[in-house]
Amino acid sequence: MKYINKIGMMVVAGIALATASCSDYSDYNTAPLAEGNGAGQTLFENIKSNPNLQNFAAIVEKAGYANVLNSSQCYTLWAPADGTYDAEAILNGDSSTIVQRFVNQHLAQYNYPVSGTVDQNIVTVNTKHHIFTNSLFDQCPIKEINLPSSNGIMHIIDGNSPYYVSLYEHMDEIKGCNKFVDYIKSYADSVIDTHKSIKGPMVNGQQTYLDTVWRYFNPALSRVIEADIANEDSSFVMFYPTDKAWDNAHATIQNDFKYITNFHWADMTKDATLASSLKIGNITSDDVVKIDAALYNDSLPKYYMLHNLAYSLTDPYNQVLKDRNPQEGDSIRSVSGAKLSNIAEVLSYSSPYEEMSNGYAAILDSICFKSYQTYEPILKSTRPIRTLGLLSGTTYTVYDRPQKSLIPERDTLFSELPEFLKTFVLPKNSKLFQYLITDDKNFDGKSARTEMDFALATFNGRTGKYEKSVVATKYKAYVVFHPFSHDAEGASIIKKKPLYVRFDLAANDEKGAITFKRINVPGAEDVTDDIIIPANGRLNYVELDLEFPITYFGTDAFPTLCVSNAQSFATTSKRNNYEQELHIVGVYLVPQGAEEYVKTLKYKYEE
């Protein structure tokens, strides 16, 4: 967290009692015993009496900071010598600025003498970091060392340490980014850091402080930007969007976030009827979504506008961002974990970097991150949430086919798939397929038909919930079918028979009403037509056009794509001529913003 000193707050009439007993202070606030001229005087008394520090004494007095340097807490002071810095410019500042940016820039808690070999990173009271060696404080030569006081030690330096604001403090200075700054600052809060503040006397039973150190925190940094840009121990590149960038991004992104306060949705896991047989009139649902739609519609677009503005410079991905020299194919990775490919475009909209105490700042005139890499991610569902067509007392098998067993057949097996789908269905170091196999007795002489229903959302195994669902936009849905069937002993065989399937979508309309509708498949002459999957021994896919008028992302609800076998197998001829099992590798949803991009992805298998 960022610590910033403020003077004049929580200080009452007893502040002048700087000689209060030391018994209330912990050991680290007690100066070590020292010898020599000035050892019996406080830091401020020694500053006041030193002819080379009269300007510094005047600055301390104007800031109202004499009591702090007279207190019994132990300090090390690197005091700028008169005539080596612009004291008049410092004196023209207000007291809080003088304390934060000048006095506390040269003041550290604890004792730091020049002894032996010195090469340290010093954190001063204002939490800034400084290099301290035998001869230098930052770039300032040390001209006198180890001047003792009763409450610490002093070194005199030529010049003053320059103050660099943090990325968070920079928000108070930037121009033209008011909407961004106001939004972030609206979450700012602070509490007194009782461990770093210097205690004064008790007044009316209340603790007073000679110097109050405030601990500032801002939930928007951790929850929205996901980077503590106030932390002096970190190093970031931070982009600040202009008001123009803010308005343009909000106008675009808010189209995807259309929430409804209260609506029923169809949880298909609770229904035992084939989707193709469901009717609107006979569906009731006790699954209700209740959210603050106005809050969601306002906060989610802003979340994604700001979610990828910070980049850690300790991340190897982001070296190219620091150098500002992107090459073809370079990507960067935000603190939120998103990998973004259009770094050259981002930099073309940004100003030159300004150096801050914890990184670099740039003004951004367009929040131009790609939609499919941020707020419209590609979704994939590889396990059905519901299977139907199984008769009472019968069973099914979950079948895992290891990836490596298919390597010799890969070229033939995948030849029907687009290149980008190969990337999804052949993940590195994972199982290739997981799907359900129904037993033969489900079909012999029966009219059962298989159905697999897929949540159009990504399942989080850690939480046990479907969390990343669709937003209000158009998608291409790719349903990938597997060509392997099984004999009575469970051995794999290439499909010898075609498969007829149909698709139904359980979703909600723009007013929240539950809808069940047959999905028109490209190539079919009528919405009621079934689609044939040929028996060619290869992975095949069907491409569907889906559009959602409301947003499910961030709620417990999700739409469901129902894939059913269109054939009944009550007769022997049907069983002999058509595939009975339903093998689906997965459903892959590509938002319209990514449609052209994903078709350019190159497929490469790695052992």
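One can find the structure itself at the top, above this paragraph.
Residues numbered from 1 in each chain as written. Predicted model: local features only at pLDDT ≥ 70, side-chain atom pairs only at ≥ 80, totals over all residues. Heavy atoms only, no water.

K.L.:
Looking at this structure, how should I read the overall build of the protein?
P.N.:
In terms of helices and strands, the protein carries 15 helices and 35 strands. Evaluated residue by residue, the protein yields a buried proportion of 51% over its 607 residues. When contacts within the protein are restricted to residue pairs at least 6 apart in sequence, long-range pairs at least 24 apart make up 75% of them. Summed over all atoms, the accessible surface of the protein reaches about 27,400 Å², with 48% contributed by carbon and sulfur. (Helix = DSSP H or I, 4+ residues; strand = E, 2+ residues; numbered from the N terminus. Buried < 20%, exposed > 50% of the residue type's maximum accessible area, 1.4 Å probe, protein only. Contact = heavy atoms within 4.5 Å. Areas by Shrake-Rupley, 256 points an atom, 1.4 Å probe, with all protein chains shown as cover.)

K.L.:
Which parts of the structure should I look at to understand the layout of surface pockets?
P.N.:
Where empty space is left in the structure can be found by rolling a water-sized probe over the atoms. As a volume, the largest pocket reaches approximately 720 Å³. Lining the largest pocket are 24 residues; nearest its centre among them are Y304, T374, P377, K468 and F553. Ranked by residue count, the leading element in the lining of the largest pocket is helix α9 (residues 293-306), at six residues. The class makeup of the residues in the lining of the largest pocket is twelve nonpolar, nine polar and three charged. (1 Å grid on protein atoms, 1.4 Å probe; cavity = no way out; pocket = protein on both sides within 12 Å on 5 of 7 lines; lining within 4 Å. Points joined across faces, edges and corners; volume = space filled by probe spheres on them. Nonpolar A, V, L, I, M, F, W, Y, C, P; charged D, E, K, R; others polar.)

K.L.:
What's the story with the packing of aromatic side chains in this structure? I'm lost.
P.N.:
How two aromatic rings sit relative to each other is given by the distance of their centres and the angle of their planes. Inspection of the entire model under this criterion finds 22 aromatic pairs. Between the aromatic rings of W78 and F137, the centroid separation amounts to 4.5 Å while the plane-to-plane angle is 15°, which identifies the pairing as stacked. Of this pair, W78 sits in strand β2 (residues 75-80) while F137 sits in strand β6 (residues 136-137); the two residues are 59 residues apart in sequence, bridging distant segments of the chain. Residue classification places W78 among the buried residues on the basis of a relative accessible area of 0%. A residue is classified by how much of its surface remains accessible, and F137, at 0% relative accessible area, is buried. On the numbers, 6.4 Å between centres and 25° between planes, the contact of F257 with Y259 is stacked. Exposure remark for Y259: the relative accessible area of 6% places this residue in the buried category. Each residue in the set F257, Y259, Y296, Y303, Y304 and F553 is aromatic and connected to the rest through ring pairs, giving one cluster. The side chain of K185 reaches across the aromatic face of Y168, ending 4.2 Å from its centre. (Phe/Tyr/Trp six-rings, centres within 6.5 Å; stacked < 30°, edge-to-face > 60°. Lys NZ or Arg CZ within 6 Å of the ring centre and 35° of its normal.)

K.L.:
How do you make sense of the side chain of T76 when you look at a structure like this?
P.N.:
If you trace the backbone, T76 turns up in strand β2. Taking the relative accessible area as the measure of exposure, T76 reaches 0% and is therefore buried. Reaching out from T76, the side chain makes a polar contact with the backbone oxygen of Y110 at a distance of 2.8 Å. Reaching out from T76, the side chain makes a polar contact with the backbone nitrogen of Y112 at a distance of 2.8 Å. If we skip the residues at most four places from it in the chain, T76 touches H106, L107, A108, Y110, N111, Y112, I153 and H155. (Polar contact = N/O pair within 3.5 Å; in protein donor to acceptor, adjacent residues only side chain to side chain.)

K.L.:
For this particular structure, what's the right way to read the sheet that holds strand β12 (residues 236-241)?
P.N.:
Within the open sheet, the four strands sit side by side as β15-β12-β19-β18. Their pairing is mixed. With partners counted over all chains shown, the strands left at the sheet margins are β15 (310-312) and β18 (354-356), one partner each. Ignoring which end each strand starts from, the neighbouring axes of this sheet average 25° apart. The pairing of β12 with strand β19 (residues 359-364) spans six bridges and is classified as parallel. Residue M238 lies in a different strand from β19, and its bridge partner there is A361. (Pairing = 2+ DSSP bridges. Axes fitted to C-alpha atoms, helices over the stretch in contact; angles between N-to-C directions.)

K.L.:
How should the sheet that holds strand β20 (residues 379-381) be read in this particular structure?
P.N.:
Backbone-to-backbone hydrogen bonds join strands into a sheet, with any given pair of strands oriented parallel or antiparallel. Pairing is antiparallel across the open sheet formed by four strands, whose spatial order is β20-β35-β27-β33. Among the strands making up the open sheet, the edge pair consists of β20 and β33 (540-547). In this sheet, neighbouring strand axes are inclined to one another by 20° on average, regardless of whether the strands run parallel or antiparallel.

K.L.:
What's the story with the pattern of salt bridges in this structure? I'm lost.
P.N.:
When charged atoms on two side chains of opposite charge get close, those side chains can pair. A full pass over the atoms with the stated rule returns 17 salt bridges. The salt bridge partner of D247 is K179, with a shortest N-O separation of 2.7 Å. Within this pair, whereas D247 is found in helix α8 (residues 243-253), its partner K179 is found in helix α6 (residues 178-185), the two being separated by 68 residues in sequence. Of the residues examined, K179 reaches a relative accessible area of 36% and is grouped as partly exposed. Linking K370 and E345 is a salt bridge whose minimum nitrogen-to-oxygen distance equals 3.7 Å. (Salt bridge = Lys/Arg side-chain N within 4 Å of Asp/Glu carboxyl O.)

K.L.:
Is there a simple way to explain the environment of K476 in this structure?
P.N.:
Its place among the elements puts K476 in strand β27 (residues 474-481). C-alpha of K476 to C-alpha of L546: the two residues are 70 residues apart in sequence and 6.3 Å apart in space. Side-chain polar atoms of K476 contact the side chain of E543, separated by 3.2 Å.

K.L.:
Looking at this structure, I do not really get the environment of S564. What am I missing?
P.N.:
Along the chain, S564 turns up in strand β34 (residues 560-565). Note on S564: relative accessible area 1%, which makes it buried.

K.L.:
What is the right way to look at α9 in this model?
P.N.:
Three or four residues apart is the spacing at which side chains of an α-helix point the same way, because the helix has 3.6 residues per turn. The first and last C-alpha atoms of α9 sit 20 Å apart over 14 residues, in line with the 20 Å expected at 1.5 Å per residue. Looking at the buried positions of α9, the neighbouring elements they touch are α6, α7 (219-225), β12 and α8. (Expected span 1.5 Å × (residues − 1).)

K.L.:
Any chance you could explain helix α2 (residues 54-62) here in plain terms?
P.N.:
Within α2, the full set of buried residues consists of F56, A57, I59 and V60. Burial along α2 is one-sided: seen end-on, the buried residues are contained in an arc of 160°. Its buried side turned inward, α2 meets α1 (43-49), α3 (66-70), β2, α4 (87-91) and α5 (95-103). Among the residues trailing α2, G64 stands out with phi positive, at a value near 70°. (Arc of directions from axis to C-beta.)

K.L.:
Before we go on, may I ask you to explain the pairing of strand β26 (residues 465-469) in this structure?
P.N.:
Consecutive side chains along a regular strand alternate between the two faces of the sheet. Two strands pair when backbone bridges link them, and strand β25 (residues 457-460) and β26 are joined in this way by four bridges, in the antiparallel orientation. Looking at the pairing, F459 lines up with Y466 of β26. The hairpin formed by β25 and β26 contains four residues between the paired strands, and G464 there has a positive phi angle of roughly 75°.

K.L.:
Would you explain unusual backbone geometry in this entry?
P.N.:
Glycine aside, a negative phi is what most residues show, and trans is what most peptide bonds show. One non-glycine residue, N204, adopts positive backbone phi at about 55°. Note on placement: N204 falls in the loop between β10 (198-203) and β11 (206-217).

K.L.:
Got a minute to help me understand the packing of α8 against α9 in this structure?
P.N.:
When two helices pack together, their arrangement is given by the angle between the helix axes and by the axis-to-axis distance. Look at α8 against α9: their axes get within 9 Å of each other, and the N-to-C directions meet at 125°. One way to sum up the angle between α8 and α9 is to call them oblique. For α8 against α9, the interelement crossing comes out right-handed. Where α8 approaches α9, its residues W246, A249, H250 and I253 are matched on the opposing element by D298, P301, K302, Y304, M305 and L306. Broken down by class, the residue content of the contact of α8 with α9 amounts to seven nonpolar, one polar and two charged. (Parallel < 35°, antiparallel > 145°, perpendicular 65-115°, else oblique. Left-handed = near helix turned anticlockwise from the far one by under 90°.)

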